[in-house]
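One letter stands for each residue in the lines below.
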Amino acid sequence: MSQWGERLSAEKIAYRTARLIADGHLENERALFVHDLDLMIDRVHMMQQAFPENALHGIAVKANPLVSILTALIDAGAGLECASIEEVELSLAAGCEPEKIIFDSPAKTHDEIQYALELGLYLNVDNFDELERVAKLRKHDSRARVGFRVNPEVGSGSIAITSVANAWSKFGVSLSQYEEELLAAFLRHAWLDGLHVHIGSQGCNLQQLVEGVSRVDIFRQKLQTQLGRKILHVDIGGGLPTVYRDTRQPLMLDEYVKQLRDQVPAIFSPDTRILTEFGRSVHAQCGWAVSRVEYCKVAGQSHLAVLHLGADAFMRPVYNPNDWPHEYLVLNPDGSLKQGATQAVNLVGPLCFGGDILAKDVMLPKIDEGDWVIVRDCGAYTLSLWSRHCSRALPKVLAWSDTGVSVLKHAEGVQRVVDFWR
Ligand SMILES: Cc1ncc(COP(=O)(O)O)c(C=O)c1O
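Residues numbered from 1 in each chain as written. Predicted model: local features only at pLDDT ≥ 70, side-chain atom pairs only at ≥ 80, totals over all residues.

In terms of regular secondary structure, the protein is built from 12 helices and 19 strands. Relative to the 2.2 N^0.38 estimate, which gives 22 Å for 422 residues, the radius of gyration of the protein is 23 Å and therefore close to what a compact globule would have. Looking at the protein as a whole, 45% of its 422 residues qualify as buried. (Helix = DSSP H or I, 4+ residues; strand = E, 2+ residues; numbered from the N terminus. Rg over C-alpha atoms; globule rule 2.2 N^0.38 Å. Buried ≥ 20, exposed ≤ 12 C-beta atoms within 10 Å, placed from the backbone.)

Structure follows, in structure tokens:
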């Protein structure tokens, strides 16, 4: 079994890709995504072992929404966390039981709330107005459980756009600003029995994550005393960062849980249920992408390799490379690992704008037309952020497992793109 946070080694990825090439999986493809299902399932099992047995692990659908991947997660005992009603439908299509679906959108409509209540999902409300909509629409015998998202304001992490526990966050309700109103809301609605917190995705350190949960639990203790009833559910969100470089130390799940046990022991008591919403730390290291090198050219002093994956597949790395770095490998056309002296190269994408550069001046063995470039650690927030710019079709996605290779999604094909825009 792998360790939490352990990346697939360059050798392993190169070997596997060479096998895929030899077996013809890339014969007619410009590009390909691969996801290691065994590694992903290992992570789910590690979470199940680290947290109490009754915890619900809602893996964030937004990190990787492929239905077959969701089904594999469900089969391993996980639930799913959804940021939209469409993700709820994806989860149902994957076979998830409604009571294992956590619905978290900050913009739920009346109809969506009614549907979620009828299905019996776990619903986290984002604000007081949404809570009153729930109160109006909820039948007294509803099976749906409802929690309230609060913001413990532990501050931003190192990546601004994915930090959500700052004072101006658009998510949830500030604990310090609205403590009395929150108390009144829990007093008004006896069915409200959960608290939800999510600090940010990547870039938040362990202390921030633990402090966020701790502040929420301090409030929970106060609430319980004033209400005279238990607040049963504590949803600690996702946000456990992952590493994209061997030089970085992964933040270990066991260490996170140990610190939570030390600093927030009450959430581990048998009469409380912990919910988690991990995405990136489950998926990122399971995936890699492969692109054929279509052309090589020199512009000014720069060597360029033109790939079939750019800002359409790697929106965040292209627009904000400092926050979202990836590592690359080069294979010869036959799949063998390219060796030899390295040189600086710009890996450029296929889209029609000058900034479509996946990596600038990255040191790699000399790249030639027909080689393959591999992008490591792209199992999370890559396929799910696919962009329609220039209308290029989504490549095929394969599952890698010890039991064999299977297709998770066929290449989209030009006709499906035409239909999309029709
Ligand atoms: C509410 C919520 N839960 C969970 C996640 C998943 O975060 P991560 O993929 O960093 O674990 C996110 C990410 O944006 C989120 O907004």
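From this point, the discussion proceeds with the structure in view.
This part covers helix 8 (residues 206-227). For helix 8, which comprises 22 residues, the first-to-last C-alpha distance of 31 Å matches the rise-based estimate of 32 Å (1.5 Å per residue) to within 8%. Against strand 6 (145-151), strand 8 (192-196), strand 9 (233-235) and helix 9 (253-263) lie the buried residues of helix 8. (Expected span 1.5 Å × (residues − 1). Contact = placed C-beta atoms within 7 Å.)

Turning our eyes to something else, we now look at the site of the ligand. Lining the immediate surroundings of the ligand are 16 residues, of which Ser 201, Gly 238, Glu 277, Gly 279 and Arg 280 lie closest. Classifying every residue of the shell around the ligand gives 4 nonpolar, 8 polar and 4 charged. (Near = placed C-beta within 6 Å. Nonpolar A, V, L, I, M, F, W, Y, C, P; charged D, E, K, R; others polar.)

Before going further, it helps to examine the sheet that holds strand 14 (residues 328-331). Strands pair in a sheet through their backbones, by hydrogen bonds, and they do so in one of two ways: parallel or antiparallel. If you walk across this open sheet you meet the 6 strands as 14-17-11-1-18-19, and the pairing is mixed. Only two strands of the sheet have a single partner each, and these edge strands are strand 14 and strand 19 (404-409). If you compare each strand with its neighbour and ignore which way they point, the axes differ by 25 degrees on average. Bridge count for strand 11 (residues 287-292) against strand 17 (residues 372-375) is 4 bridges, and the pairing is antiparallel. Following the sheet pairing, Arg 292 is matched in strand 17 by Trp 372. Against the sheet, helix 2 (residues 37-50) makes contact with strand 1 (31-36) and strand 18 (396-401), and its axis sits at roughly 35 degrees relative to strand 1, the strand it touches most. (Pairing = 2+ DSSP bridges. Axes fitted to C-alpha atoms, helices over the stretch in contact; angles between N-to-C directions.)

An order of 12-13-15-16 is seen for the 4 strands of this open sheet, with the pairing classed as mixed. Strands with a single pairing partner mark the edges of an open sheet, and in this sheet they are strand 12 (295-299) and strand 16 (357-365). Across the sheet, the mean angle separating the axes of adjacent strands is 35 degrees when strand polarity is ignored. Where strand 12 meets strand 13 (residues 302-306), 5 bridges bridge the pair, whose relative direction is antiparallel. Paired with Lys 297 across the strands is Leu 304, a residue of strand 13.

With that settled, the discussion passes to the nonpolar core. By size, the foremost hydrophobic cluster in this structure holds 116 residues, and its most contacted members are Ala 289 and Ile 374. The leading source of residues in this core is helix 2, at 6 residues. Per-domain counts for this core show at least three residues from each of domain 1 (10-35 + 285-421) and domain 2 (37-283). Contacts of Ala 289, omitting those with residues within four sequence positions, involve Ala 31, Phe 33, Leu 309, Ala 313, Ile 374, Val 375, Cys 378 and Thr 382. (Core = buried A, V, L, I, M, F, W, Y, C linked by C-beta atoms within 7 Å. Domains from an automatic or database assignment.)

Here we take up the packing of helix 8 against helix 9. Taken N-terminus to C-terminus, the directions of helix 8 and helix 9 make an angle of 40 degrees; their axes are 10 Å apart at the nearest point. By the angle between their directions, the pair helix 8 and helix 9 is classed as oblique. Remark: the crossing between helix 8 and helix 9 carries right-handed chirality. Facing helix 8, whose interface residues are Leu 206, Leu 209, Val 210, Val 213 and Ser 214, helix 9 presents Glu 255, Tyr 256, Gln 259, Leu 260 and Gln 263. In the contact of helix 8 with helix 9, the residues fall into 6 nonpolar, 3 polar and 1 charged. (Parallel < 35°, antiparallel > 145°, perpendicular 65-115°, else oblique. Left-handed = near helix turned anticlockwise from the far one by under 90°.)

Residues in a regular strand point their side chains to alternate faces of the sheet. Along strand 12, only 0 of the 5 residues are buried, which leaves the element largely exposed. Adjacent in sequence and paired antiparallel, strand 12 and strand 13 are bridged by 2 residues, among which Gly 300 carries a positive phi angle near 65 degrees.

Moving on to the pairing of strand 14. Of the two faces of strand 14, the one carrying Tyr 328 and Val 330 and the one carrying Leu 329 and Leu 331 are both buried. Bridge count for strand 14 against strand 17 is 4 bridges, and the pairing is antiparallel. The partner of Leu 331 across the bridge, within strand 17, is Trp 372.

Per the domain assignment, the segments making up the protein are domain 1 (10-35 + 285-421) and domain 2 (37-283). The C-alpha-based centres of domain 1 and domain 2 are spaced at 33 Å. At the junction of the two partners, domain 1 supplies 21 residues and domain 2 supplies 18 residues. Sorting the residues of the side of domain 1 that touches domain 2 by element identifies strand 18 and strand 19 as the ones contributing at least two each. If one sorts the elements of the side of domain 1 that touches domain 2 by residue count, strand 18 sits on top with 4 residues. Across the side of domain 1 that touches domain 2, the residue classes tally to 9 nonpolar, 7 polar and 5 charged.

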